[in-house]
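Structure assessment
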Amino acid sequence: MVCRDAADQATEKASIPSEISFCATVFSKWAGTSKESRLLNLPSTVGFFLDPLLSIDVAMRLLSALLLLPLVLAQQTPLFSSDGEDAYQFKWPIRKVAVIGAGPGGLTAYRELTQLNFVVHLIERDTTPGGNWHYTDEVPLYTPIPNVDISVGDYEPSLPPHDVQMPYTEIYGDEVGERIRKGHRAPKPIWKGLTTNVPSPVQQIREFPWPKGTPWELSHQKVHRYLRAFASYRGINNNDDNPNVRYNTRVELAEEHYNDNGEREGWMLTLKTVTKKGSVTKATWTKEHYDAVLVATGRYNAPNVPQIPGLEAWAKAFPGKITHSREYRIPDSFEGKSVLIVGAATSGGDISREINPSAKIVYQSIRPDKATVPHLPLCIFLSRLPQNTTIVPEITRFLPLSGGGIDKEKVELDNGTILTGIDNILFGTGYRYTFPFLPQYTNSSLGVNDTFPGIQKQPIVTDGTHLRSLYLDMFYIDDPTLAFVNMNYGLQAFTYAEFGSLAIGKVWSRTAFLPSKPRLWASYNAVVEERQGYGKHFQFVGPEQGKARLRFLVAWLNDAAVKYGGRQIDDLPVELEEILNVWFAAMFLPKSVVNSDCRI
């Protein structure tokens, strides 16, 4: 393709595709000068490219690109230039990287980082890639009701005895081994009948598109097989015997590593691998050093069960009758029962629809949506509830136990109504952010909008409703060798992971640059103010914010590629927005009960 054609296409797309990377590189120095300088030196520049040694055809192609490229770059200018003396300076070279999690984000991150020539170890606690899309009939060991401290999250780190020689191994028999294995891999929070809530053209890795004719709505089995196929394509499936990929392995602790001179030098990870052979379960602990860590463990690990007066006593009195949506698998156990579902968003609403045909009655307890910041409004989920669902207000308290069965006990609602005759209670109240392997960055003592004064490192997790101290919701500001991918909601994990992982990889390889730490904090504090402080919607990125985020990343990364080399990245195809609009209208707004003001 000639440079002019490529530049024309880039102007139309407001991005610099890979086809013109050569032309962009040729002119990068010229384009980086001031406008006045470019105008003053245009004759000599043109004269250079019209050197008699060049063919007329080549000269004309280069001249065309010369004239058009500034139009492209004008649409790609990042919000700041951060590759000078004011750029963030890493204290050690980054060569060896740990990627924690083998879901869509971790698999994509592995690809991006290996293409940048890092030595990458992919670490996954489950037996197979796919993250939350790996369904099994087994359920988690238990759900704390109500919430435990966020430092525990979905598991308490299992560390070897102090001062033992590594690797260290323990052997277990059947019963203990089975409990350890299940807690280690953590059965995923999806149910047998779950289907995708995002259309397949959006829920795919661009390098590995679904076959033509694939339905928009898919079962979780197909999505898991798709992710395994991508892993096989990349040689990182659990049957590929890749020495840099570790399944059945959980990160128990990630701590700062110091060399013999007391200088900080990367990270030391304590890993635990659990395997089973016959009736014997073996747990082996190892330690390994990494220069940087990328966390791709997702947002659906620690269930959120709110503190409601009387709930803890009910949970102890009626084990198995009060559960969280992560434990739900099939509707059979609710057949002929009176069920109270708390919450009506993604899980609560979908499970309500699934059990409704066989349950005796379904009560849906809903808290008023009073949020004034951008978020997914509750009204879009209410449109999907079955018409015979009985919607009731928020629960005020579980009344003191009378000594009978759960169906004899009473639940008080916000409007004073008393519910009785309930057989099962299911909480569809979401999840909390948690990283048990990073205890040094978790502090549940801080209030929602509290911070530490002075130079003390700021936490990443406080109450679990949000993450903080992350630039672009990715880089830990106090130490950007720790990064996160796919921690927002509202963005599509399958597609956004490519942009986030490439940004992290380019920064770590010093082919793109972050601003200095003071500028990172200044930018971050402006974002906190723009998002109106912390809270459960702090990580939300809606359609308009998502498009702005991607435009920024495309501009920043492509500008860096022109200056320092490396691959460029195209923005997402415009038709994806149209597909999402059609999908949203069909799936979430089909009923007249939803008012026209119900918008994201």
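Residues numbered from 1 in each chain as written. Predicted model: local features only at pLDDT ≥ 70, side-chain atom pairs only at ≥ 80, totals over all residues. Heavy atoms only, no water.

Considering the overall build of the chain
When you go through the chain residue by residue, the secondary structure sums to 15 helices and 21 strands. Going through the 600 residues of the chain one by one, you find that 53% of them count as buried. Considering only contacts in the chain between residues 6 or more positions apart, those separated by 24 or more positions represent 70%. (Helix = DSSP H or I, 4+ residues; strand = E, 2+ residues; numbered from the N terminus. Buried < 20%, exposed > 50% of the residue type's maximum accessible area, 1.4 Å probe, protein only. Contact = heavy atoms within 4.5 Å.)

Side note on the pairing of strand S17 (residues 424-427)
On a regular strand, one side chain projects to one face of the sheet and the next to the other, so that they alternate. Judged by which residues are buried, S17 turns out to be covered on both faces: Asn424 and Leu426 on one side and Ile425 and Phe427 on the other are all buried. With 3 bridges joining them, strand S10 (residues 322-324) and S17 adopt parallel strand pairing. Looking at S17, one finds that Ile322 is bridged to Ile425. (Pairing = 2+ DSSP bridges.)

A look at the pattern of salt bridges
Taken as a whole and judged by the stated rule, the model has 31 salt bridges. Residues Glu112 and Arg111 are paired through a salt bridge, measuring 2.6 Å at the closest nitrogen-oxygen approach. Given the relative accessible area of 4%, Arg111 is considered buried. With its nearest N and O atoms 3.7 Å apart, the salt bridge here joins Glu256 to Arg264. Residue Glu256 is classed as partly exposed on the basis of its relative accessible area of 24%. Three or more residues are tied together by salt bridges with common partners; here these are Arg111, Glu112, Arg206, Glu207, Arg234, Glu498 and Arg567. (Salt bridge = Lys/Arg side-chain N within 4 Å of Asp/Glu carboxyl O.)

A few points about the pairing of strand S15 (residues 410-413)
Note that strand S14 (residues 395-398) and S15 share 3 bridges and pair antiparallel. Looking across to S15, one finds that Ile395 is bridged to Leu413. Summarising the sheet, S15 and strand S16 (residues 418-420) pair through 3 bridges and their orientation is antiparallel. Following the sheet pairing, Glu412 is matched in S16 by Ile418. Linkage of S15 to S16, two consecutive antiparallel strands, is achieved through a turn of 4 residues, within which Gly416 is found at a positive phi near 95 degrees.

Overview of the environment of Leu399
Inspection of the secondary structure assignment puts Leu399 in the loop between S14 and S15. Residues Leu399 and Ala313, 86 residues apart in the sequence, show an inter-C-alpha distance of 9.7 Å. Contacts of Leu399, omitting those with residues within four sequence positions, involve Trp314, Lys410, Val411 and Glu412.

Notes on helix H15 (residues 575-588)
The first and last C-alpha atoms of H15 sit 20 Å apart over 14 residues, in line with the 20 Å expected at 1.5 Å per residue. Of the surrounding elements, those touching the buried residues of H15 are helix H11 (379-382). (Expected span 1.5 Å × (residues − 1).)

Describing the packing of helix H12 (residues 493-508) against helix H14 (residues 543-564)
One way to put it is that H12 packs onto H14 with a least axis distance of 11 Å and a crossing angle of 40 degrees. H12 and H14 meet at a crossing whose hand is left-handed. Of the residues in H14, those in contact with Tyr496, Phe499, Leu502, Ala503, Lys506 and Val507 of H12 are Arg549, Leu550, Leu553, Val554, Trp556, Leu557 and Ala561. Looking at the contact of H12 with H14, its residues break down into 11 nonpolar, no polar and 2 charged. (Axes fitted to C-alpha atoms, helices over the stretch in contact; angles between N-to-C directions. Left-handed = near helix turned anticlockwise from the far one by under 90°. Nonpolar A, V, L, I, M, F, W, Y, C, P; charged D, E, K, R; others polar.)

Quick look at the sheet that holds strand S12 (residues 361-365)
As summarised here, the arrangement of the 5 strands in space is S10-S17-S11-S12-S13, forming an open sheet in which the pairing is parallel. What marks the edges here is a single partner per strand, and that holds for S10 and strand S13 (390-392). On average, each strand axis in the sheet is inclined to that of its neighbour by 25 degrees, with strand direction left out of account. The pairing of S12 with S13 spans 3 bridges and is classified as parallel. In the strand pairing of S13, Tyr363 is matched with Thr390.

As for the confidence of the model for the chain
Mean pLDDT over the chain: 86, with 84% of residues reaching 70 or higher. The low-confidence segment residues 1-81 (pLDDT under 50) makes 90 contacts with residues lying over four places distant or belonging to another chain. (pLDDT = per-residue confidence, 0-100.)

A closer look at unusual backbone geometry
Residue Pro146 is bonded to the preceding Ile145 through a cis peptide linkage, with omega at -10 degrees. With respect to the helices and strands, Pro146 occurs in the loop between strand S2 (119-123) and strand S3 (168-172). Met166 connects to Pro167 through a cis peptide bond whose omega is -5 degrees. For Gln532, which is not glycine, the phi torsion reads 65 degrees and is therefore positive. With respect to the secondary-structure elements, Gln532 resides in the loop between helix H13 (517-530) and H14.

Some words on helix H6 (residues 104-115)
The end-to-end C-alpha distance of H6 is 17 Å, a good match for the 16 Å that 12 residues give at a rise of 1.5 Å each. Burial of H6 is extensive: 10 of the 12 residues sit out of reach of the surface. Those residues of H6 that sit buried are Pro104, Gly105, Gly106, Leu107, Thr108, Ala109, Tyr110, Arg111, Glu112 and Leu113. Among the structural elements, strand S1 (96-100), S2, helix H8 (220-233), strand S4 (245-246), strand S8 (292-295) and H12 are those in contact with the buried residues of H6. Remark: Asn117 follows H6 within two positions and exhibits a positive phi of approximately 70 degrees.

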